[in-house]
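Now for the letters of each chain:
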Amino acid sequence: MRIAQALTIAGSDNGGGAGIQADLKTFQELDVYGMTVITAIAAQNTTGVQGVFPISYEGIAQQLDSTGDDFKPNAVKTGMLYSTEIIQLVAEKWRHYEWSNLVIDPVMVAKGGAPLLQQQAIQTLITELIPHAQITTPNIPEAELLTGMSIRSLSEREEAARRLVQMGSTYALIKGGHDTGGMIVDVLYDGQSFHYLENIRIVTPHTHGTGCTYSAAITAELAKGSSVLAAVTTARAFIQAAIEDELGIGAGHGPTNHFAYQRRQRGEK
Ligand SMILES: Nc1ncnc2c1ncn2[C@@H]1O[C@H](COP(=O)(O)OP(=O)(O)OP(=O)(O)O)[C@@H](O)[C@H]1O
Ligand SMILES: Cc1ncc(COP(=O)(O)O)c(N)n1
């Protein structure tokens, strides 16, 4: 049996809703073999982040080498990278191992406001990693910090996507989850034309890890050989189902339901 393989380079969420745990669950649900390089341990639950403990530089470098020396992932995603040094290291190993299909989820701040990327590392993300990206998937506040512009209107979302492509990302996906209103519009730009993914906003507190899960689903689909547009379309359906069929875990912002998409595909409730 041949199986597509994907690697996630991200932080750990012991609560299982975001970070590498969300990524692995998503890979598994989409029939992709998952591997991890852990950058930091975030102690957190549905009420917030209680602590962040970065893995040492050597610890991350060794995980990247142990992975790269033996495995050939068909796609790679990055989530919480935390510092300039880690971003530079990932960029160096990316070139060294000649990986492909890089999905960058530029994780900066957790839902409750805890910083997951040091302020000064944003510029390093722009210069070192984004030029290697097949697709970069910021939410609106992340897109504002990356592009230096404020984003209110749809045309500003399009302009932010243009700027990300100018920085070297082949595709840009500006996610609309932080917008207000009944419909959520995610804007995908391929350097020439825009695609709009519109979905009904589900009213629920259980949206912890939506960005992680969405970008992991894109990564899984790219690993299986889908085009970027097809990968984003499937991933959008995956995250919509995961938010809609809520699990109701925890006292605060609970995780999304990673089982929901495949259960629906099988005709189960
Ligand atoms: N309430 C909701 N109903 C439907 N879709 C949602 C909802 N909240 C988020 N989404 C979708 O989930 C995806 C990611 O959401 P968002 O834009 O909030 O990213 P994010 O801030 O990176 O997520 P997170 O910080 O939770 O990991 C987007 O496609 C967004 O449209
Ligand atoms: C390890 C890790 N990575 C990413 C997030 C972002 O997810 P959210 O914005 O939903 O808190 C997180 N909380 N923890």
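Throughout this document, residue positions are counted from 1 along each chain, in the order its sequence is written. Note on labels: chains are lettered from A, ligands numbered from 1, in written order. Only residues with pLDDT of 70 or above have their local features reported here, since the model is predicted, and side-chain atom pairs are shown and tallied only from 80 upward, although totals for entire chains, interfaces and linings are computed over all residues. Where side-chain values are given, they derive from all heavy atoms of the structure, hydrogens and water being excluded.

1. Some thoughts on the site of ligand 1
Right, so step 1: Put simply, a residue is near a molecule or strand once any heavy atom of it comes within 4 Å of that molecule or strand. Within the structure, ligand 1 sits among 20 residues, and Lys111, Asn139, Lys175, His178 and Asp186 are positioned closest to it.
Right, so step 2: In the model, an oxygen atom of ligand 1 is placed 2.6 Å from a nitrogen or oxygen of the His178 side chain.
Right, so step 3: Think of a polar contact as two N or O atoms within 3.5 Å of one another; within protein, one of them needs to be a possible hydrogen donor and the other a possible acceptor, and neighboring residues in sequence only count if both atoms come from side chains. Contact between ligand 1 and Gly211: an oxygen atom at 2.8 Å from a main-chain N or O atom of the residue.
Right, so step 4: Values of accessible area rely on a 1.4 Å probe in the Shrake-Rupley scheme; residue burial ignores everything except the protein chains shown. For ligand 1, the protein covers 93% of the area, taking 620 Å² as the surface of the free molecule.
Right, so step 5: Mapped by element, the contributors of at least two residues to the shell around ligand 1 are β8 (183-189), α7 (210-223) and α8 (228-244).
Right, so step 6: For this classification, the nonpolar set comprises Ala, Val, Leu, Ile, Met, Phe, Trp, Tyr, Cys and Pro, the charged set comprises Asp, Glu, Lys and Arg, and every other residue, Gly included, is treated as polar. Its residues placed into classes, the shell around ligand 1 shows seven nonpolar, eight polar and five charged. By definition, any uninterrupted DSSP run of H or I lasting at least four residues is a helix, any uninterrupted run of E lasting at least two residues is a strand, and each is numbered from the N terminus.

2. A few points about the site of ligand 2
Right, so step 1: If you check the shell around ligand 2, you find 14 residues, and the closest are Gly11, Gln44, Lys111, His208 and Gly209.
Right, so step 2: Within the side chain of Gln44, an N or O atom sits 2.9 Å from a nitrogen atom of ligand 2.
Right, so step 3: In the environment of ligand 2, an oxygen atom lies 3.4 Å from a nitrogen or oxygen atom belonging to the side chain of His208.
Right, so step 4: When ligand 2 is considered free in solution it has 360 Å² of accessible area, and contact with the protein chains removes 92% of it.

3. Thoughts on the pairing of strand β4 (residues 75-78)
Right, so step 1: Going residue by residue along β4, you find Ala75 and Lys77 tucked away on one face and Val76 and Thr78 tucked away on the opposite face as well.
Right, so step 2: In terms of strand pairing, strand β1 (residues 5-13) meets β4 through four bridges, oriented parallel. Looking at β4, one finds that Ile9 is bridged to Thr78.
Right, so step 3: For two strands to be treated as a pair, DSSP must find no fewer than two bridges joining them. Summarising the sheet, β4 and strand β5 (residues 102-104) pair through three bridges and their orientation is parallel. Its bridge partner lying in β5, Val76 is registered against Leu102.
Right, so step 4: We call a crossover right-handed when, viewed with both strands directed away from the observer, the connection leading from the first strand over the helix to the second proceeds clockwise. Each parallel crossover has a hand, and the one from β4 via helix α3 (residues 84-97) to β5 is right-handed. Throughout this description, buried means an accessible area under 20% of the type-specific maximum (1.4 Å probe, protein chains only), exposed means over 50%, and partly exposed covers the range between.

4. Some words on the nonpolar core
Right, so step 1: As used here, the term nonpolar core means buried Ala, Val, Leu, Ile, Met, Phe, Trp, Tyr and Cys residues forming a set that is joined through side-chain atoms within 4.5 Å. If you look at the biggest cluster of nonpolar residues, it comprises 49 residues, and the most contacted ones within it are Ile9, Leu64, Leu81, Leu129 and Leu146.
Right, so step 2: Residue contacts are defined here by distance: any two heavy atoms, one from each residue, within 4.5 Å place the two residues in contact. Not counting the four nearest positions on each side in its chain, Leu129 is found in contact with Thr78, Leu81, Ile87, Val90, Ala91, Leu102, Ile104 and Thr124.
Right, so step 3: By size, the runner-up hydrophobic cluster in this structure holds 30 residues, among which are Ala217, Ala223, Phe238 and Ala242.

5. Describing the UniProt feature "domain: Pyridoxamine kinase/Phosphomethylpyrimidine kinase" (unreviewed entry) in the protein chain
Right, so step 1: Under the present numbering, the feature "domain: Pyridoxamine kinase/Phosphomethylpyrimidine kinase" (unreviewed entry) in UniProt falls on residues 13-257.
Right, so step 2: When the span residues 13-257 is considered, its composition is 40% helix and 20% strand, and the gap between its end C-alpha atoms is 15 Å. UniProt positions are given in the numbering used here, feature names are shortened, and annotations may be inferred rather than shown by experiment.

6. Considering the environment of Val187
Right, so step 1: Relative to the helices and strands, Val187 is located in strand β8.
Right, so step 2: With 38 residues separating them in the primary sequence, Val187 and Met149 have C-alpha atoms 16 Å apart.

7. Examining the side chain of Arg236
Right, so step 1: Structurally, Arg236 is set in helix α8.
Right, so step 2: Its relative accessible area of 7% is what places Arg236 among the buried residues.
Right, so step 3: When near neighbours in sequence (up to four residues on either side) are disregarded, Arg236 contacts Ile184, Asp186, Leu197, Asn199 and Tyr214.

8. So, the packing of aromatic side chains
Two measures describe an aromatic ring pair: the distance that separates the ring centres and the angle between the ring planes.
Right, so step 1: Working definition: a ring pair exists when centres of Phe, Tyr or Trp rings (six-membered ring for Trp) sit within 6.5 Å. Plane angles under 30 degrees give stacked, over 60 give edge-to-face, the rest tilted. Taken as a whole, this structure holds five aromatic pairs when the rule is applied.
Right, so step 2: On the numbers, 6.3 Å between centres and 70° between planes, the contact of Trp94 with Trp99 is edge-to-face.
Right, so step 3: Look at Trp99 and you get buried, because its relative accessible area is 8%.
Right, so step 4: With a centroid separation of 4.3 Å and 20° between ring planes, the pair formed by Tyr189 and Phe194 is classed as stacked. Across the pair, exposure class does not vary: Tyr189 and Phe194 are buried alike.
Right, so step 5: Ring-pair connections join several aromatic residues into one group, and the members of that group are Trp94, Tyr97 and Trp99.
Right, so step 6: Look at NZ for Lys and CZ for Arg. If either is within 6 Å of the ring centre and within 35 degrees of the ring normal, a charge sits over the ring. Above the plane of the ring of Tyr214 lies Arg236, whose end atom (NZ or CZ) is 5.8 Å from the centre.

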